[in-house]
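Per-entry structural report
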Amino acid sequence: MVQSRIKKNVLITGATSGIGEATAEALSKNFNLILCGRRENRLLKLEKKLSKETEVTTLTFDIRNKNDVSNQINSLSDKWKKIDILINNAGNAHGLDFIHEGSLDDWDKMIDINVKGLLYVTNQILKLMLKNKSGHIINIASIAGKEVYPKGNVYCASKFAVDALSQAMRIDLNQKNIKISQVNPGLVNTEFSKVRFKNDQKKADNVYEGMEPLLAKDIADVIEFILIRPDNVNISDITVLPKSQASSTIVNRKI
Ligand code: 8X3
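Given the structure is predicted, the values throughout are model-derived calculations rather than measurements.

Reading guide: rules and limits
Residues numbered from 1 in each chain as written. Predicted model: local features only at pLDDT ≥ 70, side-chain atom pairs only at ≥ 80, totals over all residues. Heavy atoms only, no water. Phe/Tyr/Trp six-rings, centres within 6.5 Å; stacked < 30°, edge-to-face > 60°. Lys NZ or Arg CZ within 6 Å of the ring centre and 35° of its normal. Buried < 20%, exposed > 50% of the residue type's maximum accessible area, 1.4 Å probe, protein only. Helix = DSSP H or I, 4+ residues; strand = E, 2+ residues; numbered from the N terminus. Pairing = 2+ DSSP bridges. Right-handed = clockwise from strand over helix to strand, strands pointing away. Polar contact = N/O pair within 3.5 Å; in protein donor to acceptor, adjacent residues only side chain to side chain. Contact = heavy atoms within 4.5 Å. Near = heavy atom within 4 Å. Areas by Shrake-Rupley, 256 points an atom, 1.4 Å probe, with all protein chains shown as cover. Nonpolar A, V, L, I, M, F, W, Y, C, P; charged D, E, K, R; others polar.

In this section: the packing of aromatic side chains. Applying the stated criterion across every chain yields a total of one aromatic pair. For Arg196, the ring lying beneath its charged end belongs to Tyr155, and the centroid distance is 5.1 Å. A cation over an aromatic ring shows up here: Arg229 above the ring of Phe225, its NZ or CZ 3.7 Å from the ring centre.

In structure tokens form, the structure reads like this:
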């Protein structure tokens, strides 16, 4: 008889849409899920759907609020506090403007969510992983964390920070049996551009015009691949682009 293995617990931030939601779906066969996000109704809907596949719980919080991050994660039962995997997915772009024309509010949001929020969550989860003496963190960065592009300034800076933090975590946690991986998506058709352009659907559509972008599921599949490697293997840093994208700015568009 094949012995059923105990499923690992995965906590996903930004699970209510895009790459986070697709990752929750992809992992629902073989992992238990802690779905985190700001939009409770979406979390509950996803919980209901994926509960047919696996054990699911949800935490509603905004990663910008360090007290909420700490209170919510600490509210988990002991069973769920054995977090084997953290997927730091929550992140956004706000605006696409020259550095001399950017909005301070947009800059605050990107740094608060993409950098500080990731740190608040990681800080809490690492306490649990260190107690358990094992763990795996996957940071979702971006090609924007590898190359700066015109008007990308602060968004790129926030993703360069994630890149630095992934490297730093890998170094500082090297002796702690905690793996750190990073995935850098290129153009993915999610709510990303709609948020960046403040619900201007036309501007958002232009980003993907004449080319075939990645789907959230394409990134979710890569995340799953990283997670199911043998324990001794770490995919440390991987950039995933659509076929038609050569760099942040070079895209083969059929227009
Ligand atoms: C998303 C990729 O190139 O739109 O992080 O900034 S890009």
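On to the pairing of strand 4 (residues 85-88), then. Side-chain alternation along strand 4 places Ile85 and Ile87 on one buried face and Leu86 and Asn88 on a second face that is also buried. Here strand 1 (residues 8-12) runs beside strand 4; their pairing, made up of three bridges, is parallel. Considered in strand 4, the bridge of Val10 is made with Ile85. In this structure, strand 4 lies alongside strand 5 (residues 135-140), joined through four bridges in parallel fashion. Within strand 5, the position partnered with Ile85 by the bridge is His136. Handedness of the crossover joining strand 4 and strand 5 through helix 5 (residues 104-132) is recorded here as right-handed.

Looking now at the side chain of Asn88. Residue position: Asn88 is located in strand 4. The class of Asn88 is buried, set by a relative accessible area of 2%. Reaching out from Asn88, the side chain makes a polar contact with the side chain of Asn139 at a distance of 2.9 Å. For Asn88, the residues in contact, after removing those within four places along its chain, are Thr13, Leu118, Val121, Thr122, Ile137, Ile138, Asn139 and Ile140.

Before going further, it helps to examine the site of the ligand. Near the ligand the following residues occur: Ser142, Ile143, Ala144, Tyr149, Tyr155, Gly186 and Phe192. Separating an oxygen atom of the ligand from a side-chain N or O atom of Tyr155 is a distance of 2.6 Å. Considering the ligand on its own, with 240 Å² of exposed area, one finds that the protein chains cover 89% of that surface. Classifying every residue of the shell around the ligand by side-chain character gives five nonpolar, two polar and no charged.

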